[in-house]
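# Geometric and topological summary
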Amino acid sequence: MKAFGRWLAIVLCALLALQVFFVARIALAAWCNPQSTTFQRSEMWRIWHQSAQHRPWQQQWVDYAQISPHLKRAVLTSEDDGFMDHDGVQWDAIERAWERNQKALERAQTRPNAKPVVIYGGSTITQQLAKNLLLSGERSFLRKGQELLLAHTLELFLSKQRILEIYLNNVEWGQGIFGAEAASRFYFRKSAAQLTAPEAARLAVMLPRPRYYEQNPNSRYLHARTSTILRRMGGTALP
């Protein structure tokens, strides 16, 4: 029992130290721009070791004011239309995503040749930032719980504007393409500040599956969803 108690104490201390590390990283992000995220580093490692296309890491930080308001509105409209009102998590969105995933899994079980099920997370932009900035890409209840805790911590330490600024500068927009500036220059040969509303809407729609849409730019869904976001983004409030 004593050995188990010591082992348990070590585990608890390690978990506490990890949480302190996460809080310190988030607090530092209020003033310092993150040089890279956990997701970026793991993705570049994957590309280097598994992909035949060794594209250079494309990323350039730009301040919030240097990102087109069209892109901000488009991303909020497409990814998190309740961003200005929630405290990091939208529980109703998580519940809807859970129900949608369960129905998709049930349908897949009755169709042997069905396509792989796409799992939806119902994550807010704050949750996505928490996952990309500090966590791994694995899917587990433990990782999801940590993500929810970090999302609340981000909202506690950072302003909505700062959260969106860090998100837009680090989110993936294609293989090896990270951030609004790199995406704008790669797809449209212009800076993020110069993006038009249609261009911004298209980039926003790519976000759930950026590598797929990079390879499938003529996707019918991409075009249709872009038109929908373009119609809806005009009334989106910005931080």
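For the structure, see preceding data.
All of the points below concern the structure found in this document. By convention here, each chain's residues receive numbers from 1 onward along its written sequence. Given that this is a predicted model, residues contribute local features only at a pLDDT of at least 70 and side-chain atom pairs are listed and counted only at 80 or more, while totals for whole chains, interfaces and linings are drawn from all residues. Note that the side-chain values use all heavy atoms of the structure and ignore hydrogens as well as water.

## What to know about the overall build of the chain
By the criteria applied, helices consist of DSSP H or I runs no shorter than four residues and strands consist of E runs no shorter than two, each listed in order from the N terminus. When helices and strands are tallied, the chain shows eleven helices and zero strands. Mapped in sequence order, the helices and strands of the chain form the string α-α-α-α-α-α-α-α-α-α-α. Each residue's exposure class comes from its accessible area (1.4 Å probe, protein chains only) as a fraction of the maximum for that residue type: buried when under 20%, exposed when over 50%, partly exposed otherwise. Looking at the chain as a whole, 44% of its 239 residues qualify as buried. Note on contacts: a residue pair is in contact if any heavy atoms of the two residues lie within 4.5 Å. The contacts in the chain between residues at least 6 apart in sequence include a share of 70% that link residues at least 24 apart. To measure how exposed things are, a 1.4 Å probe is used in the Shrake-Rupley method; for residues, cover is taken only from the protein chains shown. Per element, the accessible surface of the chain, about 13600 Å² overall, is 58% carbon and sulfur.

## Considering the environment of Glu-43
With respect to the secondary-structure elements, Glu-43 resides in helix H2 (residues 38-50). Once residues within four sequence positions are removed from consideration, Glu-43 is found in contact with Glu-172, Phe-178 and Arg-211.

## Digging into helix H8 (residues 180-188)
Of the residues making up H8, those classed as buried are Ala-180, Glu-181, Ala-182, Ala-183 and Ser-184. On its buried face, H8 sits against helix H3 (69-79), helix H7 (160-170) and helix H9 (197-206). Phi for Arg-189, located one or two positions after H8, is positive at around 55°.

## Topic: the pattern of salt bridges
Should the charged atoms of two oppositely charged side chains come close, the side chains can pair. The working definition used for a salt bridge is a side-chain nitrogen of Lys or Arg within 4 Å of a carboxyl oxygen of Asp or Glu. Under the counting rule described, the total for this entry stands at seven salt bridges. A salt bridge links Lys-160 to Glu-155, with the nearest nitrogen and oxygen atoms 3.0 Å apart. Note on accessibility: Lys-160 and Glu-155 belong to one class, buried. Residue Arg-211 is joined to Glu-172 by a salt bridge in which the shortest nitrogen-to-oxygen separation is 3.0 Å. Pair noted here: Arg-211 is in helix H10 (residues 210-215) and Glu-172 is in the loop between H7 and H8, with a separation of 39 residues, a long-range link.

## Observations concerning the packing of helix H5 (residues 125-134) against H7
Helix packing for two helices is described by the angle between their axes and how far apart those axes are. Note on geometry: axes are lines fitted to C-alpha atoms, helical ones only across the stretch in contact, with angles between N-to-C directions running from 0 to 180 degrees. Between H5 and H7, whose axes approach to 10 Å, the crossing angle comes to 55°. As far as their axial angle goes, H7 and H5 are oblique. Helix-helix and strand crossings are classified by hand; for H5 and H7 the assignment is left-handed. Facing Ile-125, Thr-126, Gln-128 and Leu-129 of H5, the residues of H7 in contact are Ile-163, Leu-164, Ile-166 and Tyr-167. Taken together, the residues of the contact of H5 with H7 sort by class into six nonpolar, two polar and no charged. In these notes the angle categories are as follows: under 35 degrees is roughly parallel, over 145 is roughly antiparallel, 65 to 115 is roughly perpendicular, and the rest is oblique. Here a crossing is taken to be left-handed if its near helix is turned anticlockwise relative to the far helix by less than a right angle, and right-handed if that turn runs clockwise. Here the term charged refers only to Asp, Glu, Lys and Arg, the term nonpolar to Ala, Val, Leu, Ile, Met, Phe, Trp, Tyr, Cys and Pro, and the term polar to all other amino acids, Gly among them.

## Quick word on a nonpolar patch on the surface
Grouping into patches uses exposed residues only, defined as over 30% relative accessible area, and leaves out salt-bridged ones; the cut-off is 9 Å for like charges and 5 Å for nonpolar side chains (Val, Leu, Ile, Met, Phe, Trp, Tyr). On the surface, Val-23, Leu-156 and Phe-157 cluster together to form a nonpolar patch covering roughly 280 Å² of accessible area. For Val-23, the position within the fold is in helix H1 (residues 2-28).

## With respect to the environment of Leu-238
Structurally, Leu-238 can be placed in the segment after helix H11 (220-232). Exposure remark for Leu-238: the relative accessible area of 25% places this residue in the partly exposed category. In sequence terms Leu-238 and Leu-76 are 162 residues apart; their C-alpha atoms lie 8.4 Å from each other. Those residues in contact with Leu-238 that lie beyond four places of it in its chain are Tyr-64, Pro-69, Lys-72, Arg-73, Leu-76 and Met-84.

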